[in-house]
Amino acid sequence: MTADQITCHLRRANAVAKRAMANGHHPFGAVLVAPDHQTVLAEQCNVDTVNHAESVLARTAALNYSPAYLGQCTLVTTFEPCAMCAATAYWANIGRIVYGASEEKLLALTGSHAVNPTLSLPCRQVFASGQKAIEVIGPVPELESELLAVHASFWK
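The structure contained in this document is the topic of the report that follows. (Residues numbered from 1 in each chain as written. Predicted model: local features only at pLDDT ≥ 70, side-chain atom pairs only at ≥ 80, totals over all residues. Heavy atoms only, no water.)

For the protein chain, the count of helices and strands is seven helices and five strands. When its helices and strands are written in sequence order, the protein chain yields α-β-β-α-α-β-α-β-α-α-β-α. Computed over its C-alpha atoms, the radius of gyration of the protein chain comes to 14 Å, within 12% of the 15 Å expected for a compact globule of 156 residues. Taking the principal axes of its C-alpha atoms as reference, the protein chain extends roughly 40 × 30 × 25 Å. Across the 156 residues that make up the protein chain, the buried fraction comes to 48%. Relative to all contacts within the protein chain whose residues are 6 or more apart in sequence, the contacts with residues 24 or more apart total 66%. Entry remark: accessible area of the protein chain is about 7500 Å², with carbon and sulfur atoms responsible for 56%. In the protein chain, 10 positive and 12 negative side-chain charges are present, and the distance between their average locations comes to 3 Å. (Helix = DSSP H or I, 4+ residues; strand = E, 2+ residues; numbered from the N terminus. Rg over C-alpha atoms; globule rule 2.2 N^0.38 Å. Buried < 20%, exposed > 50% of the residue type's maximum accessible area, 1.4 Å probe, protein only. Contact = heavy atoms within 4.5 Å. Areas by Shrake-Rupley, 256 points an atom, 1.4 Å probe, with all protein chains shown as cover. Lys, Arg positive; Asp, Glu negative; His and termini not counted. Charge placed at Lys NZ, Arg CZ, Asp CG, Glu CD.)

In structure tokens form, the structure reads like this:
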């Protein structure tokens, strides 16, 4: 996946996050990208505190595509997947994760927010505990401020 493709897909995921916020949900968004690194197969915004954009998207993908195909796909998300979302992507057999901003950056912005408690468990650590390799690309420093801007007003 090229830097331009990563930027394009992260911006699309961010548009999904903005749509989530406009509909009263937490502003997180994710897209599933086909093996050609261009085609977006699905997009998902955050639903609630247990149905995060990434986990809902991974479960839906697992229902619709074979594990072999998903192993060639990329889940692109605005923020680093939490432990739940990373594990769901792992079990769905999604082969690559791209995220824009880290969980640490989100925590620094939100603080100890009652409706967005974070886990200090990086997705790379979750994947390292597994038996198959999941490629992780992120954070993407060039887009962090753009992605964080959506959250700055939301969590006040």
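Core analysis: the largest hydrophobic core is formed by 22 residues, its most contacted members being Leu32, Leu70, Leu75, Ile94, Ile97, Cys123 and Phe127. Elements that contribute at least two residues to this core include exactly β1 (29-33), α2 (53-64), α4 (83-92), β4 (96-101) and α6 (123-128). Per-element accounting of this core gives the leading share, five residues, to α4. Sequence-distant contacts of Ile97, defined by excluding residues within four places in its chain, comprise Leu75, Pro81, Ala89, Phe127, Ile134, Glu135, Val136 and Ile137. Judged by nonpolar contacts, the second largest core, of nine residues, contains Val31, Val33, Val98 and Val140. (Core = buried A, V, L, I, M, F, W, Y, C linked by side-chain atoms within 4.5 Å.)

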